[in-house]
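Breakdown of the fold
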Amino acid sequence: MRRVTPAPTLITSAQRALRLLEAAAQHPTGATAKQLARDTGLALGTTYHLLRTLVHDQYLERREGRYRTGPAVSGLSVENRLDGPEAGRIRLDRVLGRIAHELNAAVHYARYKDGEVELVAARAAPGAATVDPANFRIAAHAHASGKTLLALLSAEERRAHLARHPMVPFTPYTLREPSQLPLLPGPGPQRAAPITQYQEYQLGVVGAAVPIVLGSDLAAVAVALPASQAHRLTAVAEQLRARVGEDLATAAFGV
């Protein structure tokens, strides 16, 4: 008797999600949910449900009501071909995008390297633009991530940094005196309250940051919100602190 090979068990939801990804890939400028539902033959309700999941995991991006492939899709092939900093940047961008989506706030990652504050990566969120990079390096005393990095330095290192980059005002709210800058405890700085800024770097923008420390490597991840949402900042900052874990630390120091 000929042996009959059993049919494989198929996960219908996975098949549908892959069909949506394939359909979105056919529209480089993006497609609406209704258009993708028509392309795939899926019910509109099912399409919306799957799209939310795919956007959350960055396989798709949603911009102005249109969906297109996201960084996680390119990372499937690119990350496997790359090593070192390039692969690290892909992983970091993916993690930051996920945090921006979860917190509905712009997110950026900065580090202190060779005596300078460096903006490494940033992701926007609906209604929340990414941090202005124009004066980022010289304005550590004004933005939340820079204030956090300065707070992690020794007193001597901080004095040397401020000698190179004096505390000039960027808005009427910018701190002007070194004694006004916050400090973080040496042991366990991640347990300290997030460091905030209220329109000190850019008018109309508030922010908060938490440190990421690995040995002698110092970094910070920060959120930014429009000043009209300042009432959300404390809660969002606490969510950010809770969200900083091994995945972010691994991605951050892999760049």
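Up top is the structure.
All residue numbers here refer to positions counted from 1 along the written sequence of the relevant chain. The predicted nature of this model means local features are confined to residues of pLDDT at least 70 and side-chain atom pairs, given and counted, to a pLDDT of 80 or more, with totals for whole chains, interfaces and linings taken over all residues. Only heavy atoms go into the side-chain values, all of them from the structure, while hydrogens and water stay out.

Focus: the packing of aromatic side chains
How we decide: When two rings of Phe, Tyr or Trp (its six-membered ring) have centres within 6.5 Å they constitute a pair, described as stacked for plane angles under 30 degrees, edge-to-face for angles over 60, and tilted for the intermediate range. Helix numbering and strand numbering both begin at the N terminus, where a helix is a DSSP run of H or I of at least 4 residues and a strand a DSSP run of E of at least 2. A simple rule labels every residue: compare its accessible area, found with a 1.4 Å probe on the protein chains alone, to the largest value its type can have, and call it buried under 20%, exposed over 50%, or partly exposed in between.
One pass over the structure, following the stated rule, counts one aromatic pair. With centroids separated by 6.0 Å and ring planes inclined at 65 degrees, the aromatic side chains of Phe170 and Tyr201 adopt a geometry described as edge-to-face. With a gap of 31 residues between them, Phe170 in the loop between α7 (155-164) and β5 (195-198) and Tyr201 in the loop between β5 and β6 (205-214) connect regions that are remote in the sequence. A residue is classified by how much of its surface remains accessible, and Phe170, at 25% relative accessible area, is partly exposed.

Comments concerning helix α2 (residues 33-40)
Keep this limit in mind: It is the directions from the helix axis to the C-beta atoms whose arc is reported. Two residues form a contact once any of their heavy atoms are found within 4.5 Å.
Of all the residues in α2, the buried ones are Ala33, Leu36, Ala37 and Thr40. Down the axis of α2, the buried set is contained in an arc of 105 degrees. They therefore lie on one face. Facing away from the buried side of α2 by more than 90 degrees, the exposed set consists of Lys34 and Arg38. Packed against the buried residues of α2 are α1 (12-25), α3 (44-56) and β2 (66-69). Gly41 occupies a position one or two residues after α2 and carries a positive phi of about 75 degrees.

As for the packing of α2 against α3
Which entries qualify depends on this criterion: Axis geometry follows a simple rule: fit a line to the C-alpha atoms, using only the stretch in contact for helices, then measure angles between N-to-C directions, giving values from 0 to 180 degrees. If an angle is under 35 degrees, it is roughly parallel; if it is over 145, roughly antiparallel; if it lies from 65 to 115, roughly perpendicular; otherwise it is oblique. Working rule for handedness: look at the near helix, and if it is turned counterclockwise from the far one by less than a right angle, call the crossing left-handed; if clockwise, right-handed. Each residue gets one of three labels, nonpolar for Ala, Val, Leu, Ile, Met, Phe, Trp, Tyr, Cys and Pro, charged for Asp, Glu, Lys and Arg, and polar for the others, Gly among them.
As a packed pair, α2 and α3 sit with axes 9 Å apart at the nearest point and diverge in direction by 115 degrees. In terms of axis orientation, α2 runs roughly perpendicular to α3. Viewed along their axes, α2 and α3 form a crossing whose handedness is right-handed. Contact with α2, carried on its side by Ala33, Lys34, Leu36 and Ala37, involves Leu44, Thr47, Tyr48 and Leu51 of α3 and no other residues of that element. In the contact of α2 with α3, the residues fall into six nonpolar, one polar and one charged.

Brief notes about the pairing of β5
Cut-off, in case you're wondering: Strand pairing follows a simple DSSP-based rule, namely that at least 2 bridges must link the two strands.
Residues of β5 alternate between two faces, with Ile195 and Gln197 buried on one and Thr196 and Tyr198 left unburied on the opposite face. As defined by bridge partners, β5 adjoins β6 across four bridges and the pair is classed as antiparallel. Counterpart to Thr196 in the pairing with β6 is Ala208. Between β5 and β6, which pair antiparallel in sequence order, lie six residues; one of them, Gln199, sits at a positive phi of approximately 60 degrees.

Some words on the side chain of His141
Short version of the rule: Polar contact is the term for a pair of N or O atoms within 3.5 Å; when the atoms are in protein, one must be able to donate a hydrogen and the other to accept it, and sequence-neighboring residues count only if both atoms are side-chain atoms.
Position of His141 among the secondary structure elements: in the loop between β4 (116-123) and α6 (144-152). A distance of 2.8 Å separates a polar side-chain atom of His141 from the backbone oxygen of Val168. Residue contacts for His141: discarding those within four places in its chain leaves Lys147, Leu150, Pro166, Met167, Val168, Phe170, Thr174, Leu175, Leu181 and Glu200.

A few points about the environment of Leu60
Checked against the element boundaries, Leu60 lands in strand β1 (residues 60-63). Judged by relative accessible area, which is 1%, Leu60 ranks as buried. Linking Leu60 and Val73, residues 13 residues apart in sequence, is a C-alpha distance of 7.8 Å. Look past the residues within four positions of Leu60 in its chain and what remains in contact with it is Leu21, Ala24, Leu51, Leu54, Val55, Arg68, Thr69 and Gly70.

Remarks on the pattern of salt bridges
Condition: Salt bridges are defined as contacts in which a side-chain nitrogen from Lys or Arg sits within 4 Å of a carboxyl oxygen from Asp or Glu.
If you walk through the whole model with that rule in mind, you get eight salt bridges. Notably, a salt bridge pairs Glu61 with Arg63, separated by 3.4 Å at the nearest N-O pair. Look at Arg63 and you get partly exposed, because its relative accessible area is 47%. Residues joined in a network through salt bridges with shared partners are Glu61, Arg63, Asp93 and Arg123.

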